[in-house]
There are 2 protein chains.
Amino acid sequence: VSLAVGVDLGGTKIAAGLVDTDGTVRAQARRETPGTAEAVVDAIAGLVRELGAHDAPVGIGAAGFVDEARRRVLFAPNLGWTDVPLADLVSARVGGPVVLENDANAAAWAESRFGAGAGVASMVLVTVGTGIGGGIVLDGALVRGGFGIAGEFGHVPLVHDGRPCPCGQQGCWEQYASGGALTRAVREQLGDVDVAAAIAAGNPVALEALDGIGTWLGAGLAAIAAVLDPQVVVVGGGVVENGEQLLAPARAEFRRRLPAADRRPVAEIRAARLGPAAGIVGAADLARRGA
Amino acid sequence: VSLAVGVDLGGTKIAAGLVDTDGTVRAQARRETPGTAEAVVDAIAGLVRELGAHDAPVGIGAAGFVDEARRRVLFAPNLGWTDVPLADLVSARVGGPVVLENDANAAAWAESRFGAGAGVASMVLVTVGTGIGGGIVLDGALVRGGFGIAGEFGHVPLVHDGRPCPCGQQGCWEQYASGGALTRAVREQLGDVDVAAAIAAGNPVALEALDGIGTWLGAGLAAIAAVLDPQVVVVGGGVVENGEQLLAPARAEFRRRLPAADRRPVAEIRAARLGPAAGIVGAADLARRGA
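In what follows, the accompanying structure is described.

This part is about the environment of P97(A). Residues and elements named next belong to chain A. Within the secondary structure layout, P97 lies in the loop between α2 (86–91) and β8 (98–102). With 40 residues separating them in the primary sequence, P97 and P57 have C-alpha atoms 4.9 Å apart. Not counting residues up to four positions away in its chain, the partners in contact with P97 are A56, P57 and V58.

Moving on, we come to the side chain of D285(B). Residues and elements named next belong to chain B. Positionally, D285 belongs in helix α9 (residues 278–288). Given a relative accessible area of 2%, D285 falls into the buried group. At 2.8 Å, the side chain of D285 and the side chain of W109 are in polar contact. Side-chain polar atoms of D285 contact the side chain of R113, separated by 3.0 Å. In this structure, D285 is in contact with W109, R113 and F114, ignoring residues within four places of it in sequence.

This paragraph deals with the sheet that holds strand β13 (residues 268–271) of chain B. Residues and elements named next belong to chain B. Taken together, the 5 strands give an open sheet; going across it, the order is β11-β10-β9-β12-β13, and neighbouring strands pair in mixed fashion. Of all strands in the sheet, those bounded by a partner on one side alone are β11 (141–143) and β13. With direction set aside, neighbouring strand axes in the sheet form an average angle of 25°. Both strand β12 (residues 232–236) and β13 contribute to a ladder of 4 bridges, which runs parallel. Note that in β13 the partner of V235 across the bridge is A271. The strands that helix α8 (residues 244–257) touches are β12 and β13; relative to β13, the one it contacts most, it runs at about 165°.

With that settled, consider unusual backbone geometry. Residues and elements named next belong to chain A. Look at R70: it is not a glycine, yet its phi comes out positive at around 60°. If you trace the backbone, R70 turns up in the loop between β5 (65–66) and β6 (73–76). With a phi angle near 55°, D83 is a residue other than glycine that sits in the positive phi range. When you line up the elements, D83 lands in strand β7 (residues 81–84). Overall, the relative accessible area of 37% leaves D83 in the partly exposed class.

What follows deals with the nonpolar core. Membership of the largest hydrophobic core comes to 94 residues, with the highest contact counts inside it found for V126(A) and V126(B). Among residues more than four places away in sequence, those in contact with V126(B) are I132(B), G133(B), G134(B), F153(B), W173(B), L217(B), L221(B), I224(B), V233(B), V234(B), V235(B) and G236(B).

The next point concerns the packing of helix α3 (residues 103–114) of chain B against α9(B). Residue and element names in this part refer to chain B. Between α3 and α9, whose axes approach to 7 Å, the crossing angle comes to 85°. It follows from the interaxial angle that α3 and α9 lie roughly perpendicular. Contact with α3, carried on its side by D103, A106, A107, W109, A110, E111, R113 and F114, involves A278, G279, V281, G282, A283, D285 and L286 of α9 and no other residues of that element. Of the residues assigned to the contact of α3 with α9, the class counts are 9 nonpolar, 2 polar and 4 charged.

Our next topic: the relation of the copies chain A and chain B. Mapping chain A onto chain B leaves a residual RMSD of 0.0 Å; the transformation is a rotation of 180° accompanied by 0.0 Å of translation along its axis. Taken together, the rotation angle and the small translation identify this as a two-fold axis. With an isologous cut-off of 70% or more, the 98% of interface residues of chain A that recur at the interface of chain B puts this contact in the isologous class.

Conventions adopted
- Residues numbered from 1 in each chain as written.
- Chains lettered and ligands numbered in written order.
- Predicted model: local features only at pLDDT ≥ 70, side-chain atom pairs only at ≥ 80, totals over all residues.
- Heavy atoms only, no water.
- Helix = DSSP H or I, 4+ residues; strand = E, 2+ residues; numbered from the N terminus.
- Contact = heavy atoms within 4.5 Å.
- Buried < 20%, exposed > 50% of the residue type's maximum accessible area, 1.4 Å probe, protein only.
- Polar contact = N/O pair within 3.5 Å; in protein donor to acceptor, adjacent residues only side chain to side chain.
- Pairing = 2+ DSSP bridges.
- Axes fitted to C-alpha atoms, helices over the stretch in contact; angles between N-to-C directions.
- Core = buried A, V, L, I, M, F, W, Y, C linked by side-chain atoms within 4.5 Å.
- Parallel < 35°, antiparallel > 145°, perpendicular 65-115°, else oblique.
- Nonpolar A, V, L, I, M, F, W, Y, C, P; charged D, E, K, R; others polar.
- Least-squares fit on C-alpha atoms with pLDDT ≥ 70 in both.

Shown next as structure tokens:
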């Protein structure tokens, strides 16, 4: 099979692409995410038709917990879903086979195959957007976890009894190191400004907040490295567009917080390469492999 | 191959066993750990001879970082070693092939194959002794990490800028949830008592300290589950001999700290079954598989 369709299903939009075996996106299409699961299935089927890919395998990366068999979305707060058999619903409407995966897992797979983790056996992707997500590839295989929920990095408890998180816990990493945390830190001091613009303008408060986010990012990466010992950490998501302003403090704190850092190889921290298309590319590749 | 030798190399003793394909230890022998690497190699070769297993495969589980190729001990603070090519040194002295592995990884493999994790695809072993160690088995395979150092659970940073740890970091999990932490908590209040005896006698201070260790154990397990999503967590090490007095508060805190615990399957927390022989059994099985 050469071409496959990748679908990135988020709470606000559905993006789909026709993807080549080398990860190139040949064509793309997108729609707003409709309000019901039935309408989402319609929209995905429509996107597959629009891409002219009726019999191609379809991979869907969904923002939510996906069951072990990769057929059902167990829980997707951004979609308002609990237990939707999405793969079978889409499969009944399109010609090719359908594979479902968590969106961050799909993106991790893409970075591992075609992006910043290419050629690396063991890597993690940490996506720093509004929250923090991620995925794990170990020994060349995507790690899904016992219940399909591995790599929920944003909710690693980093500060015991720390800041409250909408997930119900306290001290979750994403309360300290995400785009949401950056926005909050900047606006606490500057009021309701455009954070990206303030950073671009070199506002010292905004730059200091970004440095702080990077530092917290590195602290959490040390926790992940203590568990997983990746060779490479790929950082994706919108906040990584700040480049070294985010990654330099992250690297420094990572090294500072890593146990026995002077006695072990230290994982390299790299920016993601595939950008927002990673979810599409990874989902398509997983569908092509039927895996 | 039916019989294999497993060697558990620690800072104070070397234990070896002749192990059957079903994980049964047919014979055991042990020696004190000598002071130099050369003498350790002599001792291991002597134990293999003593067990009458000259041509059997030999698996060594060593308390330290083991390189990716599983031939060298990179760093072993309890042995005082830096970069010792142990597998090749032993191989030159015994008849069978030699495989080297981290001791906690070997124990995790044993619990996964023959113990509390038998039949479970994705599990972690967390050993609660003086410190905290562990190992990871995902989709039926031992996870070694990119540099062979995965599962360094004791040094997961659980409390930001928390208690100092000899590793150089602060707030490491083992400063809160280990046998060492238990001893310190009890002796801070009761003076230089026998902690196990105080617990056995039902001393309320000792029991409360044990409950607190269990609670911290559960808090750290929530961090591990957010990353790895195991189906089962097996708790081993000396402290688990306290049974439900340790595990009940651990389970309660684990559930309380797990993100979205009411929306996802929750990992089961079980006591290890193989006891101190786990390292021997796992190392032998890994040697038999040549893996």
